[in-house]
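A look at the structure
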Amino acid sequence: MAVADTRPWWERDADVCWHPYTQHGQAEGLLAIRGAAGAWLELADGRKILDAVSSWWACLHGHGHPQLVAAIAKQAATLDHVLFAGCTHEPAVRLAERLCAVAPAGLTRAFYSDDGSTAVEVALKACYAAAARRGEQGRTLFLALEGGYHGDTFGAMAVGDPDPFFREYGDLMFQVERMPADVGALEALMAARGAEAAALIVEPIVQGAAGMASVPPAFLQAARRLCDEHGVLLIADEVMTGFGRTGTLFACEQAGISPDALCLSKGLTGGMLPLAATLFSEAIFEAFRSDDRSRMFFHGHTFTGHAIGCAVALASLDVVEAEGTPARMEANGRRIEAGLRSALEEGDDLAWRRFGGIVAVELAGESGYLSEVGPRLKAACRELSPDVLLRPLGRVLYAMPPACTTEAECDLIATRMAAIVQSVRHPESA
Ligand SMILES: Cc1ncc(COP(=O)(O)O)c(C=O)c1O
């Protein structure tokens, strides 16, 4: 008879789980989480740790927001899930109406999927086929930004920066030309290859995985103008920035532009359930509408338009409006930045960035995700910040806590970040 494994579940993890973005060949203690409320995660041993990274940038209001929990329970008891081909339901329709109403002008159709990567796949496939259906068969190229990250499925990988995540799959990718977020570089690329391009994809205002790098409004305005001039569609990936993270409901608002396709996920459900929506212009939708079945958009996922996901997204939008989420994010970001600035002496070895509720400090050293500064920052996070969860991106330490984070909690985040940065800057005095 097999002997029962009496180890607690967090010790059994190592035998059966394969974690994302984790090198299992290196010892890296896991945090065993048994619960969450507001800005705090609760560990299996009863300790609490503040979720300063919003659980991979998803948790928008705070964990377990009662309005969202109630919406899930109510919808689950009414209609859990039904296929969205040949069927429809009220949460999906109401959510599409609300998203189109609050999104930048000109986006009139919502296509639902599951997560950020699928939101991007949907945008890429629809834009590519829409260009071909205009009779422009030669548009087989996509344009993207250096440092961009759009997800881990193949299309999303292809438009993402290959270094270091996707290099291994390079032989399998379609054609993408990349440039820095610089107007001159985009002008040159459009002049050289605009006629071959189906779409340009950008993370507006801030590129997350690149280390919270800036994509300035002037670049986005030029992108809109040049896309129009060259017949290229513009895709805004607001999977991270959507729903108030950067201090406005959508980051595109800061440049006053409307894309042709807008990718949303993460904060769409307040971070509670996986759901995505890609919003499109009517012109793109019309490229697929005909009386010919062979010209439909051949794309769909089992859980497209998931009813519970849509219901919680509607509740989340109510909370965004009632609680003023973008303004809260802005206030939190300002508070964290002020705390950090007063705790850290300025120096050439530090660069600062803040976008609404996202605050980043970049240290000197090798750039990129595999920067040698990264492991030192990570070790310092573990040692010096047992009560604030922070995960550096290469040599960049950042925070983007949920909107419910209090002033005192923002100050705690700033204190911990400052201690971590100081210890890596001046290891001799640590
Ligand atoms: C800008 C952006 N796009 C797309 C994605 C992919 O989202 P997901 O991990 O939900 O597939 C991410 C994830 O971090 C992201 O930051």
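Being a predicted model, the structure only gives us computed values, none of them experimental. (Residues numbered from 1 in each chain as written. Predicted model: local features only at pLDDT ≥ 70, side-chain atom pairs only at ≥ 80, totals over all residues. Heavy atoms only, no water.)

Turning our attention to the nonpolar core. Leu-95, Leu-99, Leu-200 and Met-212 are the most contacted members of the largest nonpolar core, which totals 65 residues. Considering every element that reaches this core, the biggest residue donor is helix 8 (residues 217–230), with 6 residues. Beyond its immediate chain neighbours, meaning those up to four positions away, Met-212 contacts Trp-57, Val-206, Gln-207, Met-240, Arg-353, Phe-355, Ile-358, Ala-360, Leu-393, Tyr-398 and Met-400. Counting residues in hydrophobic clusters, the runner-up holds 31 residues, among them Val-159, Ala-261, Phe-288 and Phe-297. (Core = buried A, V, L, I, M, F, W, Y, C linked by side-chain atoms within 4.5 Å. Buried < 20%, exposed > 50% of the residue type's maximum accessible area, 1.4 Å probe, protein only. Helix = DSSP H or I, 4+ residues; strand = E, 2+ residues; numbered from the N terminus. Contact = heavy atoms within 4.5 Å.)

This paragraph deals with unusual backbone geometry. Geometrically, the link from Asp-163 to Pro-164 is a cis peptide bond, its omega value of -10° lying close to zero. Here Pro-164 lies in the loop between helix 6 (154–159) and strand 6 (176–179). The phi torsion at Tyr-21 lies on the positive side, around 45°, for a residue other than glycine. In this structure, Tyr-21 sits in the loop between helix 1 (9–16) and strand 1 (33–37). Classification of Tyr-21 by relative accessible area gives partly exposed; the value is 32%. Residue Met-212 is not a glycine yet carries a positive backbone phi of 55°. Relative to the helices and strands, Met-212 resides in the loop between strand 8 (205–207) and strand 9 (213–215). You can call Met-212 buried: its relative accessible area is 0%.

Turning to the site of the ligand, a few remarks are in order. Near the ligand the following residues occur: Trp-57, Asp-115, Gly-116, Ser-117, Tyr-149, His-150, Gly-151, Glu-203, Asp-237, Val-239, Met-240 and Lys-266. Within the contact set of the ligand, an oxygen atom lies 2.9 Å away from a backbone nitrogen or oxygen of Gly-116. For the ligand, an oxygen atom lies 2.9 Å from a polar atom in the side chain of Lys-266. Against a free-state accessible area of 390 Å², the protein chains account for coverage of 83% of the ligand. (Near = heavy atom within 4 Å. Polar contact = N/O pair within 3.5 Å; in protein donor to acceptor, adjacent residues only side chain to side chain. Areas by Shrake-Rupley, 256 points an atom, 1.4 Å probe, with all protein chains shown as cover.)

Our next topic: the pattern of salt bridges. Counting across every chain of the model gives 30 salt bridges. Ionic pairing is found between Arg-7 and Asp-15, a salt bridge with its closest N-O pair at 2.5 Å. Residue classification places Arg-7 among the partly exposed residues on the basis of a relative accessible area of 29%. Residue class for Asp-15 comes out exposed when judged on its relative accessible area of 53%. Salt-bridge contacts for Arg-193 lead to Glu-196; the nearest nitrogen and oxygen are separated by 2.6 Å. (Salt bridge = Lys/Arg side-chain N within 4 Å of Asp/Glu carboxyl O.)

The next subject is the sheet that holds strand 16 (residues 396–399). Taken in spatial order, the 3 strands line up as 13-14-16 in an open sheet, and their pairing is antiparallel. Looking along the sheet, the strands with just one partner apiece sit at the ends: strand 13 (350–355) and strand 16. The sheet shows a mean angle of 15° between the axes of neighbouring strands, direction not considered. (Pairing = 2+ DSSP bridges. Axes fitted to C-alpha atoms, helices over the stretch in contact; angles between N-to-C directions.)

The next point concerns the sheet that holds strand 2 (residues 40–43). Sheet architecture is open: 4 strands sit in the order 1-2-3-15, paired in mixed fashion. Among the strands making up the open sheet, the edge pair consists of strand 1 and strand 15 (388–389). Bridge count between strand 3 (residues 48–51) and strand 15: 2 bridges; the pairing is parallel. By the bridge assignment, Leu-50 is partnered in strand 15 with Val-388.

Now for the pairing of strand 2. Residue alternation in strand 2 divides its side chains into a buried set, Leu-41 and Leu-43, and an unburied set, Trp-40 and Glu-42. From the end of strand 1 to the start of strand 2, which pair antiparallel, there are 2 residues, and Gly-38 there has a positive phi angle of about 60°. Of the strand pairs in this sheet, strand 2 and strand 3 are connected by 3 bridges, and their pairing is antiparallel. When the bridges of strand 3 are listed, Trp-40 appears paired with Leu-50. Taken together, strand 2 and the strand that follows it, strand 3, pair antiparallel across an intervening segment of 4 residues, in which Gly-46 is found at a positive phi of about 95°.

Attention now goes to the packing of helix 7 (residues 183–193) against helix 8. A pair of packed helices is characterised by two quantities: the angle between their axes and the separation of those axes. For the pair helix 7 and helix 8, interaxial distance at closest approach is 10 Å and the crossing angle is 15°. The angle between the axes of helix 7 and helix 8 places the two elements in the roughly parallel class. Considering only the axes of helix 7 and helix 8, their crossing is right-handed. Contacts from Val-183, Leu-186, Glu-187, Met-190 and Ala-191 in helix 7 reach Ala-218, Phe-219, Ala-222, Ala-223, Arg-225, Leu-226, Cys-227 and His-230 in helix 8. (Parallel < 35°, antiparallel > 145°, perpendicular 65-115°, else oblique. Left-handed = near helix turned anticlockwise from the far one by under 90°.)

A separate point is the packing of helix 10 (residues 307–323) against helix 11 (residues 325–343). Packing of helix 10 against helix 11 leaves a shortest axis separation of 6 Å and a crossing angle of 65°. Facing Val-319, Val-320 and Glu-323 of helix 10, the residues of helix 11 in contact are Thr-325, Pro-326 and Arg-328. For the contact of helix 10 with helix 11, the per-class residue count stands at 3 nonpolar, 1 polar and 2 charged. (Nonpolar A, V, L, I, M, F, W, Y, C, P; charged D, E, K, R; others polar.)

Here we take up helix 10. Given a rise of 1.5 Å per residue, 17 residues ought to cover 24 Å, and the 24 Å separating the end C-alpha atoms of helix 10 matches this to within 8%. The buried count for helix 10 comes to 13 of 17 residues, which makes it a mostly enclosed element. At the exit of helix 10 stands Gly-324, carrying a positive phi of roughly 60°. (Expected span 1.5 Å × (residues − 1).)

Before going further, it helps to spend a moment on the environment of Pro-91. Note that Pro-91 resides in helix 4 (residues 90–102). Non-local contacts of Pro-91, meaning those with residues more than four positions away in its chain, are made with Gln-75, Ala-307, Cys-310, Ala-311 and Leu-314.

This brings us to the domain arrangement of the protein. Under the domain assignment used here, the protein contains domain 1 (52–64 + 325–429) and domain 2 (66–323). On a C-alpha basis, the centroid separation for the pair domain 1 and domain 2 is 27 Å. Listed by partner, the interface residues are 27 residues for domain 1 and 30 residues for domain 2. Of all residues in domain 1, the largest losses of buried area upon contact with domain 2 belong to Trp-57, His-61 and Phe-355, amounting jointly to 27% of the total for that side. Seen at the junction of domain 1 and domain 2, the total is 13 residue pairs in polar contact (both at pLDDT 80 or more). (Domains from an automatic or database assignment. Buried area = accessible area lost by both parts, 1.4 Å probe.)

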